Amino acid sequence: AQRVTQPEKLLSVFKGAPVELKCNYSYSGSPELFWYVQYSRQRLQLLLRHISRESIKGFTADLNKGETSFHLKKPFAQEEDSAMYYCALSKSPGNTGKLIFGQGTTLQVKP
Amino acid sequence: DVKVTQSSRYLVKRTGEKVFLECVQDMDHENMFWYRQDPGLGLRLIYFSYDVKMKEKGDIPEGYSVSREKKERFSLILESASTNQTSMYLCASKTGGTGELFFGEGSRLTVL
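Below is a short write-up of the structure.

Criteria and cut-off values
- Residues numbered from 1 in each chain as written.
- Chains lettered and ligands numbered in written order.
- Predicted model: local features only at pLDDT ≥ 70, side-chain atom pairs only at ≥ 80, totals over all residues.
- Heavy atoms only, no water.
- Phe/Tyr/Trp six-rings, centres within 6.5 Å; stacked < 30°, edge-to-face > 60°.
- Buried < 20%, exposed > 50% of the residue type's maximum accessible area, 1.4 Å probe, protein only.
- Contact = heavy atoms within 4.5 Å.
- Buried area = accessible area lost by both parts, 1.4 Å probe.
- Salt bridge = Lys/Arg side-chain N within 4 Å of Asp/Glu carboxyl O.
- Polar contact = N/O pair within 3.5 Å; in protein donor to acceptor, adjacent residues only side chain to side chain.
- Helix = DSSP H or I, 4+ residues; strand = E, 2+ residues; numbered from the N terminus.
- Disulfide = S-S within 2.5 Å.
- Pairing = 2+ DSSP bridges.
- Axes fitted to C-alpha atoms, helices over the stretch in contact; angles between N-to-C directions.

1. Here we look at the packing of aromatic side chains
All names here are of chain B.
Piece 1. Within the structure shown, the criterion is met by 11 aromatic pairs over all chains.
Piece 2. Look at Phe48 and Tyr50: their rings are 6.1 Å apart centre to centre, the planes differ by 50°, and that puts the pair in the tilted class.
Piece 3. Given a relative accessible area of 2%, Phe48 falls into the buried group.
Piece 4. Seen from their ring centres, Tyr64 and Tyr89 are 5.9 Å apart, and the 65° between their planes marks the pair as edge-to-face.

2. Quick notes on the interface of chain A and chain B
Piece 1. Contact with chain A, which involves 18 residues of that partner, is made by 24 residues of chain B.
Piece 2. With both chains or domains summed, chain A and chain B bury close to 1800 Å², and 49% of this area falls on carbon and sulfur atoms.
Piece 3. Counting across the interface, chain A meets chain B through two salt bridges.
Piece 4. The shortest N-O distance in the salt bridge between A:Lys98 and B:Glu56 comes to 3.2 Å.
Piece 5. The tally of links from chain A across to chain B stands at seven residue pairs in polar contact (both at pLDDT 80 or more).
Piece 6. Of all the secondary structure elements, the ones that give two or more residues to the side of chain A that touches chain B are strand E5 (33-38), strand E6 (45-49), strand E9 (83-92) and strand E10 (95-101) of chain A.
Piece 7. Per-element tally for the side of chain A that touches chain B: the top contributor is E10(A), with six residues.

3. What to know about the state of the cysteines
Residues and elements named next belong to chain B.
Piece 1. Inspection of every chain in the model, using the stated rule, returns two disulfides over all chains.
Piece 2. The disulfide that involves Cys23 links it to Cys91, with 1.9 Å between the sulfurs. Its S-S torsion of approximately -80° makes the covalent link between Cys23 and Cys91 left-handed. Note that Cys23 is positioned in strand E3 (residues 19-25) and Cys91 in strand E9 (residues 87-94), a separation of 68 residues in sequence. Each member of the pair Cys23 and Cys91 is classed as buried.

4. Some thoughts on the sheet that holds strand E7 (residues 65-70) of chain B
All names here are of chain B.
Piece 1. Read from one edge of the open sheet, four strands run E1-E3-E8-E7, paired in antiparallel fashion. What marks the edges here is a single partner per strand, and that holds for strand E1 (4-6) and E7. Averaged over all adjacent pairs, the angle separating strand axes in this sheet is 20°, with direction ignored.
Piece 2. As paired elements, E3 and strand E8 (residues 73-78) share six bridges and run antiparallel to each other. Bridge pairing links Val19 to Leu78 in E8.

The structure is reproduced here in structure tokens:
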């Protein structure tokens, strides 16, 4: 079955500390994976996707097919990174709107 | 800048009422989606539409229907609202293929 798991409901770190938000997936084909973010009082928006292999706002995510993981990392957390983060998997190759989302992880960055 | 607008931010309805949630996008996107967002469950796809008058069920379509008469507008309909449909509903749109999803601000529905 296709599934995305984010094991942490809440991750709390101090400003300047490294951050890793975990995401594991279950998918039989070649996955297309994304991280979406929702800041307080803002709409959900795309943070990054694995095919772009880019760093956005200092965040990176590497697809590890062996471990079926797509963890989101940032070396030094900032207070403005506090938000809800969702990992998502595309159900249909070539149509990346049909997504399976994880449960979400709230990142809290303390001053 | 893509704009996805959900007409109602907050609604309170009674069990058994018919509920319409409206969504409009201004970027001529072919694809539109309705997701439901619940704490601890993330987002789940209810329905999507890849063209006018075309629709496809998502993962949790039971109790819902949709309408897409014009390209820019996608409506979610709860024929007979129930308390377990109390939730945040998110509309999204995108171009075809591998474009990103653009979300609306959400409609928080409470069914009493």
